[in-house]
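Structural overview for review
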Amino acid sequence: MSSTYLVKGVSVLGAEPTDLLIRDGIVASVGGARDAQVIDAAGLVALPGLVDLHTHLREPGREDAETVETGSRAAALGGYTAVCAMANTSPVADTAGVVEQVWRLGREAGLVDVQPIGAVTVGLAGERLAELGAMADSAAKVRIFSDDGHCVSDARLMRRALEYVKAFDGVIAQHAEEPRLTEGAQMHEGEVSARLGLTGWPAVAEEAIIARDALLAGHVGARLHVCHVSTAGSVDVIRQAKAAGVRVTAEVTPHHLLLTDERATSYDPVFKVNPPLRTQADVAALRAGLAEGLIDIVATDHAPHAVEDKECEWAYARPGMLGLETALSIVLDVLGPQWDLIADRMSRAPARIAGLSEHGHTPAPGAPATFTLVDPAARWEVDPTGSASRSRNTPYAGMTLPGRIVATFLRGEPTVLDGKATK
Ligand code: DOR
Ligand code: ZN
């Protein structure tokens, strides 16, 4: 028997305060709420549960950095109700067996819906297509395929992958990085890299692949999703592709919306990420592209790393940073309280791209009770030791951010209450 909750005085997407009755996994009509547990939500904003299209959970293989359970808990605390788990695990999620394992671990943890992403190529090696059909037909029902961490740089393989997934309306999520242009790269190629004497990762290495893949996707008539767009030029390429009718969607990370390559001057590897932090002009173009909808969604690229892989010299440190627990606060900081826009870019649109039909619904009578409650007035200081993630590599340590997740509900059951995970 599921519990009944009465969420009192909540503002749904910034509208006038109302009450929400949560019963049997859905938002019911208010009335007859006698045995309900009351949640005082005065001053809180309800959003549809956030959906992350790009999460690294590290299980199987690097459970010392993150597990499906610890990453799921970090996600719930960040207001998420679904995450798509990237395939660059060990072993790689390139078979039905591995994606089913991740999917099952997600169900056991029960904190968010974990939707596995399948690899495009065997072992992420970029040589042969993985068993895309078997992963699609598996219990995990994979619809997104990505070699993230690596680019599918072979144009013929990329074309084949697009053709293959078109049959079941799947999507290829590309990590756009022309590898010959980024050999040895340590950071964004520009004034700062020149000053520091570090090998640069030029913007064109991303833009060239997006342009090529948009042409391929248009030719095939299949869906392309572009991971972590980081440059102003990429926004222009996506604008052209969309105008030409290509079925392309794109994501931007919170860190690319906020931080720049100036951070590398500290040589603190917590700021090392792939694609790298870019310039202020890129940040401005990404913000504008997100507001306009050229960039469809915010995705975290939550990339936990163990201390020994991250707290070392810049050149040896792994790229990537945590993101699940801070994403909403960063987006709130960047966009301000534009609740409907935030709900679209962080829940509705990613749910649509991933085909997660139970997610992305504004809490209203009849909708699934899968939502999160935010306190927009709260400010909090990021403390890496307080993270639910197994790793500590947040670039926001010590920063004071706006907006706190107070509660998260997944199909009527709280995964977070009073800012704490329920399990
Ligand atoms: O910074 C990154 N980290 N970029 C990627 O593409 C992969 C990710 C990881 O797996 O750590
Ligand atoms: Zn990537």
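As the structure is a computational prediction, the values presented were derived from the model and not from experiment.

The feature "domain: Dihydroorotase catalytic" (unreviewed entry), as annotated in UniProt, sits at residues 45–232 in this numbering. End-to-end, the C-alpha atoms of residues 45–232 are 32 Å apart, and along that stretch the chain is 36% helix and 18% strand.

Now for the coordination of the zinc ion (ligand 2). Binding of the zinc ion (ligand 2) to the protein goes through D148 (OD), H175 (ND1) and H228 (NE2), at separations of 1.8 to 2.3 Å. Angles of 85 to 131° at the metal separate the 4 donor atoms of the zinc ion (ligand 2), which places the site in the tetrahedral class. Here the donor residues of the zinc ion (ligand 2) share one chain and are spaced in sequence as D-x26-H-x52-H. Highlighted residues: H175 in the loop between β10 (171–174) and β11 (187–188) and H228 in the loop between β13 (223–226) and α7 (232–243), separated in sequence by 53 residues.

Let's shift gears to the pairing of strand β5 (residues 45–48). Side-chain alternation along β5 places V45 and L47 on one buried face and A46 and P48 on a second face that is also buried. Both β5 and strand β16 (residues 371–381) contribute to a ladder of 4 bridges, which runs antiparallel. Bridge assignment links P48 to a residue of β16, and that residue is F371.

Along helix α1 (residues 68–77), 9 of the 10 residues are buried, which leaves the element largely enclosed by surrounding structure. Among the residues making up α1, those that are buried are V68, T70, G71, S72, R73, A74, A75, A76 and L77. Among the structural elements, β7 (80–85), α2 (96–109), β8 (113–116), β17 (400–410), β18 (413–417) and β19 (420–421) are those in contact with the buried residues of α1.

Next up on the list: the sheet that holds β10. On the basis of which strands lie adjacent, the open sheet formed by 5 strands has the order β9-β10-β13-β14-β15 and parallel pairing. Each having just a single partner strand, β9 (144–145) and β15 (297–298) make up the two edges of the open sheet.

Here we come to the nonpolar core. Counting residues in each nonpolar core, the largest one holds 112 residues, and the members touching the most others are V7, V10, I22, L47, I342, M346 and L373. At 7 residues, the largest contribution of residues to this core is made by helix α11 (residues 327–335). Ranked by size, the runner-up nonpolar core spans 17 residues in total, among them V51, C84, I117 and I353.

Right, let's talk about the pattern of salt bridges for a bit. A side chain with one charge can pair with a side chain of the opposite charge if their charged atoms come near. As enumerated under the stated definition, the model contains 22 salt bridges in all. As a salt-bridge pair, R62 and D64 come within 2.9 Å of each other at their nearest N and O atoms. Taking the relative accessible area as the measure of exposure, R62 reaches 27% and is therefore partly exposed. Across the salt bridge formed by R318 and D309, the nearest N and O atoms sit 3.5 Å from each other. On the basis of relative accessibility, which here comes to 12%, the residue D309 falls in the buried class. Connected through salt bridges with shared partners, the residues R62, D64, E308, D309 and R318 form a single ionic network.

Turning next to the UniProt feature "binding site: substrate" (unreviewed entry) in the protein chain. Mapped onto the present numbering, the UniProt feature "binding site: substrate" (unreviewed entry) falls at H56, L57, R58, N88, N274, H305, P319 and G320. Taking relative accessible area as the criterion, H56 reaches 4% and is therefore assigned buried. Not counting residues within four places of it along the chain, the set of residues in contact with H56 comprises M86, N88, D148, D301, H302, A303 and P304. Here L57 shows up in the loop between β6 (50–55) and α1. Exposure remark for L57: the relative accessible area of 2% places this residue in the buried category.

On to α2. Between the first and last C-alpha of α2 there are 20 Å, a value that for 14 residues agrees with the 20 Å anticipated at 1.5 Å per step. Buried within α2 are the following residues: A96, V98, V99, V102, G106 and A109. Turning to α2, the residues buried within the fold contact α1, β7, β8 and α3 (132–137). Residue G110 follows α2 closely and has a positive phi angle near 65°.

Before going further, it helps to examine the packing of helix α4 (residues 155–166) against helix α6 (residues 203–220). Axis separation between α4 and α6 bottoms out at 10 Å; the angle between their running directions is 40°. For the element pair α4 / α6, the angle class is oblique. Judged by the sense of rotation from one axis to the other, the crossing of α4 with α6 is right-handed. Where α4 abuts α6, its residues A155, M158, R159, L162, E163 and K166 lie against R212, D213, L216, A217, H219 and V220.

Burial analysis of β7 places 6 of its 6 residues in the buried class, which makes it a mostly covered element. In this structure, β6 lies alongside β7, joined through 4 bridges in parallel fashion. Following the sheet pairing, T55 is matched in β7 by A85. At this point the chain moves from β6, through α1, to the parallel β7, and the crossover so formed is right-handed. The pairing of β7 with β8 spans 4 bridges and is classified as parallel. Each residue of the ladder has a partner; that of A82, found in β8, is D113.

Attention now goes to the packing of aromatic side chains. In the structure shown here, the tally under the stated rule is 3 aromatic pairs. Between F145 and F168, the aromatic rings sit 6.1 Å apart at their centres with planes inclined by 65°, giving edge-to-face as the arrangement. In this pair, F145 is assigned in strand β9 and F168 in the loop between α4 and β10, connecting sequence segments 23 residues apart. A relative accessible area of 0% places F145 in the buried class. Given a relative accessible area of 23%, F168 falls into the partly exposed group. Their ring planes at 10° and their centres at 5.0 Å tell us that F371 and F409 sit as a pair that is stacked. Residue F371 is found in strand β16, and its partner F409 is found in strand β17; the two are separated by 38 residues along the sequence. An aromatic cluster is present here, built from Y5, F371 and F409 joined pairwise through their rings.

Rules behind the numbers
Residues numbered from 1 in each chain as written. Chains lettered and ligands numbered in written order. Predicted model: local features only at pLDDT ≥ 70, side-chain atom pairs only at ≥ 80, totals over all residues. Heavy atoms only, no water. UniProt positions renumbered as here; feature names shortened; annotations may be inferred. Helix = DSSP H or I, 4+ residues; strand = E, 2+ residues; numbered from the N terminus. Donors = N, O, S within 2.8 Å, 3.2 Å for Na, K, Ca; no water. Tetrahedral: all angles 85-135°; square planar, octahedral: opposite > 155°, others 65-115°. Buried < 20%, exposed > 50% of the residue type's maximum accessible area, 1.4 Å probe, protein only. Pairing = 2+ DSSP bridges. Contact = heavy atoms within 4.5 Å. Core = buried A, V, L, I, M, F, W, Y, C linked by side-chain atoms within 4.5 Å. Salt bridge = Lys/Arg side-chain N within 4 Å of Asp/Glu carboxyl O. Expected span 1.5 Å × (residues − 1). Axes fitted to C-alpha atoms, helices over the stretch in contact; angles between N-to-C directions. Parallel < 35°, antiparallel > 145°, perpendicular 65-115°, else oblique. Left-handed = near helix turned anticlockwise from the far one by under 90°. Right-handed = clockwise from strand over helix to strand, strands pointing away. Phe/Tyr/Trp six-rings, centres within 6.5 Å; stacked < 30°, edge-to-face > 60°.

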